[in-house]
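What follows is each chain in one-letter form.
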Amino acid sequence: MAKDGRKLVEAITPMDADFAQWYTDIVKKAELADYASVRGCMIIRPYGYAIWENIQRELDRRFKETGHENVSMPMFIPESLLQKEKDHVEGFAPEVAWVTHGGTEKLAERLCVRPTSETLFCDHYKDIIQSWRDLPKLYNQWCSVVRWEKTTRPFLRSVEFQWQEGHTVHATEEEAQEETLRMLDTYASFCEDFLAIPVLKGQKTEKEKFAGAKATYTIEAMMHDGKALQSGTSHNFGDGFAKAFGIQFTDRDNQLKYGQQTSWGMSTRIIGAIIMVHGDDSGLKLPPRVAPVQLIIVPVQSQVQGVKEKAEELKAALSRICRVKIDESDKQPGWKFAEHEMRGVPIRLEVGPKDILKEQVVLVRRDSREKLFVPMAELESTVMKVLEDIQASMFARALELRESRTTTAVSMPEFTAQLDGRQGFIKAMWCGERACEEAIKEKTAATARLMPFDQTPVGETCVCCGKPAKRLVVWGRAY
RNA sequence: CGGGGUGUAGCGCAGGUUGGUAGCGCGCUUGGUUCGGGACCAAGAGGCCGGAAGUUCGAGUCUUCUCACUCCGACCA
């Protein structure tokens, strides 16, 4: 046994001491990711990638349920193609990486490494869409993209990141809008049901919307330190890109019309959200549905006759209902307890000679650390119930945190005071003028996270200028 | 991109002001004893001190330049 608990305490910086360091510690100690030899790029390690695979599997299933198909586009975009849509190129040009040579030969036209693939999809769509019968086109791709970010952090912002990008074309504005909101809902319910992360849904302001979009919708989550993280976006492009790229079709009325487009994406950044919403000073805390290992069996006194065999037997039985592993390493039990807690495994099962005699096992919940003594006969049903309960209570806890850190402000002094105290979301009315949005950012470092769909007003005048308010906005400092 | 901090063994650090050929803890390997909240004993392995140039008989240490990480801002998933 250890002489003291010092090492445990040293392993992870406490959240309250330094949240940023706490985050980095978890990423490294839980072996989610590591730094690569290229600045700002990361290596997603097996445990982190297993989380991503679970996210992919579930999202992909939901995309296909709503009629989407997967494709694969090139990773290079010719400069001329990138430049076809004015706002889009202005938005992304500062952060694209360029390929100028093929082997030793200089290319006639340089190629950018995709920062996003709108232009590639559009270029393809213009060729394959002729008639209303060709619509809608509901494509998605899983890939990585490159944006030459200046400051980077694992998962939250890296030069290259994994994501999925959906790109669709529709015959009418109504259909495109419907699709945009459908996918926003898909993201929202995915976050809430699967990741136990409560999100706010709404629209971005003009200033914050995607380069080239008519409207951008977002889901925003609150991290444990009260800061916001944009967790998924869905854009309605209208016919802006279609006009720039010539995506036209003949409609039922024999009129030539432009396609109405959408795009939507979610990235590995969401793993950062899982860490920062659920984690604690002992490490990662994974919601059962996304956890690569849902239950870890720790045999105690495994040198004693029958313990290993019992552990194997339990694993076989539990494998039918959840993702289970046995820790058979020759570490001390106490070491294993701490290790799997740090890695966020939802349930630990301890089984030793005493348990075998009593025909029971010990279950310990990662979320509440509650210890349950469960008769072998009831194990499977109990595990299923506990997994569901952990999932639900993690969501409830995250929601409670967000609610407790969401306030309203009707004046700037009030706004500033609240943000300087306990950081969180602030609901405040806004006149709709960009000048006010910028003034608030200047004074408080808070940005307009979104204009929530729930527009229940908290006042009548703009929190900044005092003129009549047009919209309710949720403000916050963001990652 | 502006301002600060840090680069020495896998990880965390000492050594640096006073230049002399590298040390501690954890981890790792092997053997043994252990095992219900990060065990113990013994014997080992592992580093041209982020990189380059310079000063010097001699550089982890001094000078210059670079690169990376990190925090705080500005910009973005």
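Residues numbered from 1 in each chain as written. Chains lettered and ligands numbered in written order. Predicted model: local features only at pLDDT ≥ 70, side-chain atom pairs only at ≥ 80, totals over all residues. Heavy atoms only, no water.

## Focus on the pairing of strand S9 (residues 200–203)
Residues of S9 alternate between two faces, with Leu200 and Gly202 buried on one and Lys201 and Gln203 left unburied on the opposite face. Relative to strand S10 (residues 215–222), S9 runs antiparallel, the two being bridged by four bridges. By the bridge assignment, Gln203 is partnered in S10 with Tyr217. (Buried < 20%, exposed > 50% of the residue type's maximum accessible area, 1.4 Å probe, protein only. Helix = DSSP H or I, 4+ residues; strand = E, 2+ residues; numbered from the N terminus. Pairing = 2+ DSSP bridges.)

## Thoughts on the nonpolar core
Residues Ile55, Leu195 and Ile275 are the most contacted members of the largest nonpolar core, which totals 54 residues. Of all the elements in the fold, those that place two or more residues in this core are helix H2 (19–29), helix H3 (46–65), helix H7 (173–194), S10, strand S14 (260–267) and helix H9 (269–278). Each of domain 1 (19–278) and domain 2 (295–386) accounts for three or more of the residues forming this core. Apart from residues no more than four positions distant in its own chain, Ile275 is found in contact with Trp22, Tyr23, Ile26, Val27, Leu32, Phe155 and Leu284. Residues Met73, Ile77, Leu120 and Ile129 belong to the second largest nonpolar core, which totals 26 residues. (Core = buried A, V, L, I, M, F, W, Y, C linked by side-chain atoms within 4.5 Å. Domains from an automatic or database assignment. Contact = heavy atoms within 4.5 Å.)

## Some remarks on the pattern of salt bridges
Scanning the entire structure with this criterion turns up 33 salt bridges. Note that Lys257 and Asp253 form a salt bridge whose closest N and O atoms lie 3.1 Å from each other. A network of salt bridges, in which partner residues are shared, links Glu58, Arg61, Arg62 and Glu65. (Salt bridge = Lys/Arg side-chain N within 4 Å of Asp/Glu carboxyl O.)

## Focus: the domain arrangement of chain A
Its domain assignment divides chain A into domain 1 (19–278), domain 2 (295–386) and domain 3 (406–476). Using C-alpha coordinates to define each centre, domain 2 is positioned 49 Å away from domain 3.

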